[in-house]
Amino acid sequence: RAMLTERLGDLGTADDVLRTVAAGTRLHGRPPPAALIGDWFGSTAVIAPSVAVTPVDAGDVFPDSPGEEPSTAPSADFVGGGWIGYLSYPDPGADGGPSRIPAAAGGRTDTVLRRDRTGCWFFESLSGEGLPEWLSTALKVPPIHDHCAIAWTRPDADEHRTGVLSCLAAIGAGEVYQACVCTQFTGTVTGSPLDFFADAAARTSPARGAYLAGDWGAIASLSPELFLRRTGGRVSSSPIKGTLPRHAEPEQLLASAKDVAENIMIVDLVRNDLGRVAVTGTVTVPELLAVYPAPGVWHLVSTVSAQVPADLPASALLAATFPPASVTGTPKTRARQLLAQWERHRRGVYCGTIGLASPVAGCELNVAIRTVEFDAFSGAIFGVGGGITADSNPDAEWQECLHKAAPIIDDVQYSRARKTAS
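Here is what the cut-offs are and how they apply
What you see as residue numbers is a count from 1 along each chain, following the sequence as written. Under the rules for a predicted model, residues below a pLDDT of 70 receive no local features and side-chain atom pairs below 80 are neither given nor counted, while totals for whole chains, interfaces and linings still include all residues. The basis for every side-chain value is the complete set of heavy atoms in the structure, and neither hydrogens nor water enter the calculation. Remark: nonpolar core denotes a set of buried residues (Ala, Val, Leu, Ile, Met, Phe, Trp, Tyr, Cys) joined through side-chain atoms within 4.5 Å. Only protein chains enter the accessibility calculation, which uses a 1.4 Å probe. A residue is then buried if its area is under 20% of the maximum for its type, exposed if over 50%, and partly exposed in between. Secondary structure elements are taken from DSSP: a helix is a run of H or I of four residues or more, a strand is a run of E of two residues or more, and numbering for both begins at the N terminus. In what follows, residue pairs with any heavy atoms lying within 4.5 Å of each other are defined as contacts. Each cavity reported here is a set of points on a 1 Å grid over the protein atoms alone in which a 1.4 Å probe fits but cannot get out, each pocket an open set with protein on both sides within 12 Å along at least five of seven lines, and each lining residue one with an atom within 4 Å of a point. Grid points are joined across faces, edges and corners, and a volume is the space filled by probe spheres set on the points. When residues are sorted by character, Ala, Val, Leu, Ile, Met, Phe, Trp, Tyr, Cys and Pro go into the nonpolar class, Asp, Glu, Lys and Arg into the charged class, and all the rest, Gly among them, into the polar class. Here, expected helix span is obtained from the residue count minus one, scaled by 1.5 Å. The arc in question is formed by the directions pointing from the helix axis toward the C-beta atoms. The pairing test for Phe, Tyr and Trp rings, Trp by its six-membered ring, is centres within 6.5 Å, and the orientation test on the planes gives stacked under 30 degrees, edge-to-face over 60, and tilted for anything in between. For a lysine, the NZ atom is tested; for an arginine, the CZ atom; a charge sits over a ring if that atom is within 6 Å of the ring centre and within 35 degrees of the ring normal.

Here the focus is the nonpolar core. Residues Phe62, Leu228, Leu274, Leu318 and Trp342 are the most contacted members of the largest nonpolar core, which totals 47 residues. Among the elements that take part in this core, helix 6 (residues 257-275) stands out by supplying five residues, more than any other. Contacts of Leu228, omitting those with residues within four sequence positions, involve Val235, Ser236, Ser237, Leu274, Leu317, Leu318, Thr321, Cys363, Glu364 and Leu365. Judged by nonpolar contacts, the second largest core, of 41 residues, contains Ala22, Ala35, Ile47 and Leu113.

Looking now at empty space enclosed by the protein. Rolled over the atoms, a probe sized like a water molecule indicates the empty space that remains. Overall, the coordinates contain four cavities of 30 Å³ or more when judged by the stated rule. What lines the largest cavity is a set of 22 residues, among which Lys241, Ile369, Arg370, Gly385 and Lys404 lie closest to the centre. Listed by contribution, the elements that provide at least two residues to the lining of the largest cavity are strand 15 (240-245), helix 6, strand 22 (379-388) and helix 9 (394-409). Of the residues in the lining of the largest cavity, the class split is seven nonpolar, seven polar and eight charged.

Okay, the layout of surface pockets next. Put simply, the largest pocket is a space of about 380 Å³. Around the largest pocket, the lining comprises 22 residues; the ones closest to its centre are Ala207, Pro224, Tyr292, Pro293 and Val301. Within the residue set of the lining of the largest pocket, elements represented by two or more residues are strand 13 (226-231), strand 16 (284-294) and strand 17 (297-307). Take the lining of the largest pocket: its biggest share by element is four residues, from strand 16. Looking at the lining of the largest pocket residue by residue, the class counts come to eleven nonpolar, five polar and six charged.

Before going further, it helps to examine helix 3 (residues 157-172). Taking 1.5 Å of rise per residue, 16 residues should cover 22 Å, and helix 3 covers 22 Å from first to last C-alpha, within 8% of that figure. Of the positions making up helix 3, those classed as buried are His160, Gly163, Val164, Cys167, Ala170 and Ile171. Along the axis of helix 3, the buried positions cluster into a sector of 120°, meaning they face one direction only. Opposite the buried face of helix 3, by more than 90 degrees, sit the exposed residues Asp158 and Gly172. On its buried face, helix 3 sits against strand 10 (178-190), helix 8 (332-342), strand 22 and helix 9.

Per the stated rule, a full pass over the model turns up eight aromatic pairs. With 6.5 Å between their ring centres and 85° between their planes, Trp152 and Phe185 make a pair best called edge-to-face. Residue Trp152 is located in strand 9 (residues 149-153), and its partner Phe185 is located in strand 10; the two are separated by 33 residues in the primary sequence. Above the plane of the ring of Trp298 lies Arg246, whose end atom (NZ or CZ) is 4.9 Å from the centre.

It is worth spelling out the environment of Ala105 at this point. Tracing the sequence through the fold places Ala105 in strand 6 (residues 104-109). Ala105 sits in the buried class, given a relative accessible area of 0%.

As structure tokens, this is what we get:
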């Protein structure tokens, strides 16, 4: 059957529509919705109304063809559906502990609600099926704003300092040039992870926000970073390296030798990763050292593009590029080995990737930073970290972790930072 799109008009904000759809799934005993909020597929939100997100083998993620023929869609921005899911960061922590939730999970949806840049919502269907009655009814009900509270415990600052000092020693010994040393907050949850995500997405406006849930738990990602965008044979990645608190002057980032060097090192690593599968001579850097705002901070962002064979499977692209360069280090293999020794706990979904592979629109994946992992037992994990170079100061690196965490962990501190910046 032909693909279908139906204009629904202004249904409200993405977080409110997500709440409304979730209430409808609970009422009708359906699997919960999944959502991508921010800058996804040329739109501001893509919501899968009801999708069973179940564990899968890590090699089976994002299996759809990469949107080789977008002209077959009813409109240029048509998404329609596809496979939505996540892949965790693959390496263990020093404690060798098991994964708290499945290492990878996802599910297929043949329909989505999509909000374009003007605020207009569309119902889209790959199969040509119309708007289901349960969803039509749900969208007419005002959203219910329930609150989710998380009692957070800060990570051990001395433990993080030890990891940073170990990294600096490894840099001094020539083992690595840069590595991303991370730590994590732990929390106890009261309420629904979906309400946490909806509140946080409304408050922080993440560029690459994502929400997934299942019997195993949930993931609420407030990421600012694009890992991979692919349509046919066109692939791009926009690594973030370089951070300042939002109250600082953004020009200071470009004046920082440490931040500029860190970004350029990671750009070279992304070029190398994509070069493993790219058509020879097609790897380019169309954007280098651009300053962008993100919740609570300024970031340095660059973009690397490449042409890959149109029939290159997702598994081959991920084998060349995953885990993302910006959350590992250079050289990548040695950095990963050392990070598994320096970081006490497994990262989990944090520093992995979340996204959607559509047979029409292509594949877009975030870097799962600023991401909270919820288990099925009211536990939460929130990872945070930063890139270490020879110029890094351990105290400054710890403060950078706190600045990154503030919008998600501490509303009061975030509100104060926003007020200072305005």
